[in-house]
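# Examination of the molecular architecture
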Amino acid sequence: MMKAIKTLFVALLFSLAFNVAADSDSNMDPTLKSKAKRATDNGLRYLREQQAEDGSWSGSVGITALALRAFLQSRRHYTEEDGPFIQRPIKFILSHVKEDGSISESINNRNYNTAVAITALQATGNPAYDTVIKNAQKFITGLQLDDAEGYTSDHKYYGGIGYGGDERPDLSNAYIAIEALKATSLDKNDPVWEKALVFISRSQNNSETNDLDWAKNDGGFAYMPGYSPHGDAVSYGGMTHAGLISLLFAGVDRNDPRVQAAYQWIKDNYTLDQNPGAKHNQGLFYYYNAFAKSMAAYGEAEITDSNNIRHNWRNDLSAKLLSLQGKDGSWVNSESPRWWEGNKNLVTAWSVIALNHVIH
Amino acid sequence: MTGTITGLKYSVLILAAGFVFSLTLQADSVSSSAYMLINQGLFVTLSCFLLLPGKNTPVNLVLNSALPLLLFIILSQLVEGSVAVTVLFKTGIIIVCLSLLLWSLWQLLDAAFPHRASIIILVTFMAAMMTSSPVWLAPVVDLYQPGDTIINTIIAVTPLTHFSVASEYDFLRSEWMYRNTPFGSLLFSYPGFTLITTGYLVCIILLQLLNGWIKRPGLNFSTLYRQSFSLS
């Protein structure tokens, strides 16, 4: 009996020590953390109010999956047992499963929709969705451009993944696909990772590791090889964080020159007041979402920028998102509706997911 | 004969424009079979409209709308790779619908106005403007950032969308369109195939009803038109 009590006591001490260590690791301001927690609650409340009768948000598989993920991965750890507000969106997602494995309500955004749908289904932890997830994985990997579609390894699009309604790949779609494949534990030896890395590397402004002529040397990422919607092939925040996540999730080591070059760009362009490198703050909340995920994946609590100023990214991101939250709990990009950022449901889901990464 | 020569001239222009457009696309991407089908569909529909002789009879309407379908079936055999039967079937329906619409509009204008040679150019110009609207409206959309309803309406009325929906091809995210127009990066949805075909049928029926009303005994619209111009 005494032995059992001792064991329990030691376990409790370990657990306490681990929690303290975790908190000191993140070094986050407790007041901000508390406010961030409340902000996620308010964001989730807003989403709950906006949910349609069929459980969807904005009638979109993609937005529904993101909102569902925001609930499932929140500090409240909602599950299917919590009620119809979790069960119905799952049902809505499953109602759009197609024969080819895709999960989408339309011919456009098939990759995005399918990818975020399986990421959300995986987050439920329910094995009943395993077959749907496996089929969707096949659909996503089937979208990757390779020899089967007539793209040889020297083609700039080789290894890329696009929206799924045409053949033009881009880093944003590739990143979402990679995130989904990683979340759903696709075999690490699957050739899809290696091919994806070819495309990701060719989207980076880093001539040391990019074999295409267009690449400059700031270490950031463009939207696709040789093109950025913000002019020429400039690097910008949203894509650089998407590129960093893609590299890390595809199994590249932190010390790899591609990762280090991307991290250097992030240090050189550190700001949360705008999406650095982007026109008119387009894609601002996409940037915040990718920023939170990439910083969490990289694993450093603080960033020292090129002016030698140290930043706790969790504090900075929380403060920025708190300042932008509407009274109703929502977020929206008031400067530009590009890339759907005029849609409150989508932007709120992204912001809650970002804050979930901050407070965990 | 004069009408055919004029049609030929404009067919060459359309071919040239299509060629330049396809060169722009080819510079960066490999054309998919869907993209080829969309081009073929538009090409046969507009070429037949410009080249075939028009008569204001129901038989002519049906024949002139069936011929581009036949041509498309032949041309589609040249497309590399496997093309789903449903895609061919749906594209064929759009070709017939668009042809019926163009000829119905032509018949209506032909009944109402005397300048036959100008009518075909006018209708072709209207069709070209509708087809290319995502391109020439791009700067306006960029500048004013209209709401989802306006964006979806612009997308819904262009024949490019109709052919794309039939081919299950996301044309607004294709290389050239994505780089040069804002539509692909905005919140939009393509209309469903049933909605598109219903829209076409409603327009065709309305045009035919108007045509019948104008041609009814006792109402000589063409004479009225001439008289109004001579008076002024």
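Everything in this summary refers to the structure shown in the same document. (Residues numbered from 1 in each chain as written. Chains lettered and ligands numbered in written order. Predicted model: local features only at pLDDT ≥ 70, side-chain atom pairs only at ≥ 80, totals over all residues. Heavy atoms only, no water.)

Along the backbone of chain A there are 13 helices and two strands. Over its C-alpha trace chain A gives a radius of gyration of 20 Å, about what one expects of a compact globule, namely 21 Å for 360 residues. If you line up chain A on its principal axes, its C-alpha atoms span 65 × 50 × 50 Å. A total of 360 residues make up chain A; the buried ones form 58% of that total. Once local pairs closer than 6 in sequence are excluded, the contacts in chain A between residues at least 24 apart make up 63%. (Helix = DSSP H or I, 4+ residues; strand = E, 2+ residues; numbered from the N terminus. Rg over C-alpha atoms; globule rule 2.2 N^0.38 Å. Buried < 20%, exposed > 50% of the residue type's maximum accessible area, 1.4 Å probe, protein only. Contact = heavy atoms within 4.5 Å.)

To continue, consider unusual backbone geometry. All names here are of chain A. Although it is not a glycine, N109 sits at a positive phi angle of roughly 65°. On the secondary structure map, N109 appears in the loop between α4 (84–94) and α5 (110–124). Phi angles above zero are rare outside glycine, and H280 is one such case at about 50°. By the secondary structure assignment, H280 is in the loop between α10 (257–268) and α11 (284–298).

For the rest of this paragraph, the subject is the pattern of salt bridges. On inspection of all chains with the given rule, the structure shows 17 salt bridges over all chains. Here E302(A) makes a salt bridge to R310(A), at a shortest N to O gap of 2.5 Å. Exposure remark for E302(A): the relative accessible area of 24% places this residue in the partly exposed category. On the accessibility criterion, R310(A) (61% relative accessible area) is exposed. In this structure, D142(B) and R338(A) form a salt bridge, with 2.8 Å as the shortest nitrogen-oxygen distance. One end of the pair, D142(B), is in helix α7 (residues 138–144); the other, R338(A), is in the loop between α12 (313–324) and α13 (344–359), on a second chain. Residue classification places R338(A) among the buried residues on the basis of a relative accessible area of 13%. Among the charged side chains, a network of salt bridges with common partners joins D41(A), R75(A) and R76(A). (Salt bridge = Lys/Arg side-chain N within 4 Å of Asp/Glu carboxyl O.)

Moving on, we get to helix α3 (residues 61–72) of chain A. Because each turn of an α-helix spans 3.6 residues, side chains separated by three or four positions in sequence point in the same direction. All names here are of chain A. With twelve residues, α3 should cover 16 Å at 1.5 Å per step; its first-to-last C-alpha distance of 16 Å lies within 8% of that length. Burial analysis of α3 places twelve of its twelve residues in the buried class, which makes it a mostly covered element. For α3, every residue scored as buried is listed here: V61, G62, I63, T64, A65, L66, A67, L68, R69, A70, F71 and L72. On its buried face, α3 sits against α2 (30–50), α4, α5, α7 (171–183), α11 and α13. You can read the cap of α3 off the contacts: a side-chain oxygen lies 3.1 Å from the backbone nitrogen of G62, and it is on S60. (Expected span 1.5 Å × (residues − 1). Polar contact = N/O pair within 3.5 Å; in protein donor to acceptor, adjacent residues only side chain to side chain.)

Here we take up the side chain of K293(A). Residue and element names in this part refer to chain A. Inspection of the secondary structure assignment puts K293 in helix α11. Judged by its relative accessible area of 6%, K293 falls in the buried class. Separated by 2.9 Å, the side chains of K293 and Y175 make a polar contact. Polar side-chain contacts of K293 include one of 3.0 Å to the side chain of E179. Excluding residues within four positions of it along the chain, K293 makes contact with R69, Y175, E179, I245 and H357.

The subject of this paragraph is the interface of chain A and chain B. Counting from both sides, the interface comprises 21 residues of chain A and, opposite them, 22 residues of chain B. Buried area between chain A and chain B, both sides added, is near 2,100 Å², and the carbon and sulfur share of it is 52%. When the buried surface of chain A facing chain B is broken down by residue, I107(A), N108(A) and R338(A) rank first, second and third, together holding 26% of it. On inspection of chain A and its partner chain B, the count reaches ten residue pairs in polar contact (both at pLDDT 80 or more). Among the residues making up the side of chain A that touches chain B, the classes are represented as ten nonpolar, five polar and six charged. (Buried area = accessible area lost by both parts, 1.4 Å probe. Nonpolar A, V, L, I, M, F, W, Y, C, P; charged D, E, K, R; others polar.)

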